[in-house]
Amino acid sequence: VKSCLPLDVFASLRCLPVIQLFLISVPQDAMGNVHDILNRRRGHVFAEEQRLGTPMMTLLAYLPVMESFGFAAYLLSSTGGKAFQQCSFYHWELMSGSPYDDGTRAQEVVLSVRKRKGLSGGVPEFSKYLDKL
């Protein structure tokens, strides 16, 4: 089992972050604030529609789970309590770049998760997994 671990770790490592689907109800006068918040958090609005007879808009957007922590509170404070959101799991998405390449978003994500979990900084070297006789 120990001999298979480095093969699993070093075989074309890629990140697959979870993407959530957000349904956001907001009045037209606060639409700009919602778009700004989503753009800052790597969100993507893919549908907008107005509810007939009301000034309310419904937005459908994708947002990575990594970026969604504190999103509801920030959305409420930025829109003065006018916007409401619901979210659900949507899909996994392959992140471009390798965690081994310096300066890539994938490496930033891996390093931040390792730091949050109290693990050593950086991606482990292959020599760490070699048996020492």
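Here is a short report on the structure shown in this document.

Rules and cut-offs
- Residues numbered from 1 in each chain as written.
- Predicted model: local features only at pLDDT ≥ 70, side-chain atom pairs only at ≥ 80, totals over all residues.
- Heavy atoms only, no water.
- Helix = DSSP H or I, 4+ residues; strand = E, 2+ residues; numbered from the N terminus.
- Buried < 20%, exposed > 50% of the residue type's maximum accessible area, 1.4 Å probe, protein only.
- Contact = heavy atoms within 4.5 Å.
- Core = buried A, V, L, I, M, F, W, Y, C linked by side-chain atoms within 4.5 Å.
- Phe/Tyr/Trp six-rings, centres within 6.5 Å; stacked < 30°, edge-to-face > 60°.

## Side note on the side chain of threonine 79
Part 1 of the argument: Looking at the element boundaries, threonine 79 is found in the loop between helix H3 (71-78) and strand S4 (84-92).
Part 2 of the argument: Among the residues examined, threonine 79 registers a relative accessible area of 5% and is labelled buried.
Part 3 of the argument: When residues no more than four places from it in sequence are discounted, the contact partners of threonine 79 are Ala30, Asn33 and Val34.

## Overview of the nonpolar core
Part 1 of the argument: Counting residues in each nonpolar core, the largest one holds 15 residues, and the members touching the most others are Ile24, Val26, Val34, Leu38, Phe71 and Leu75.
Part 2 of the argument: Counting only elements with at least two residues in this core, the list comes to strand S1 (18-27), helix H2 (31-40), strand S3 (56-64) and H3.
Part 3 of the argument: Membership of the second largest hydrophobic core comes to 5 residues, among which are Cys15, Met95, Ala106 and Val110.

## Description of the packing of aromatic side chains
Part 1 of the argument: Under the definition given, this model contains 4 aromatic pairs.
Part 2 of the argument: With a centroid separation of 6.1 Å and 65° between ring planes, the pair formed by phenylalanine 89 and tryptophan 92 is classed as edge-to-face.
Part 3 of the argument: Of the residues examined, phenylalanine 89 reaches a relative accessible area of 48% and is grouped as partly exposed.
Part 4 of the argument: Residue tryptophan 92 is classed as exposed on the basis of its relative accessible area, which comes to 54%.
Part 5 of the argument: Three or more aromatic residues joined by ring pairs form one cluster here, namely Phe46, Tyr62 and Tyr90.

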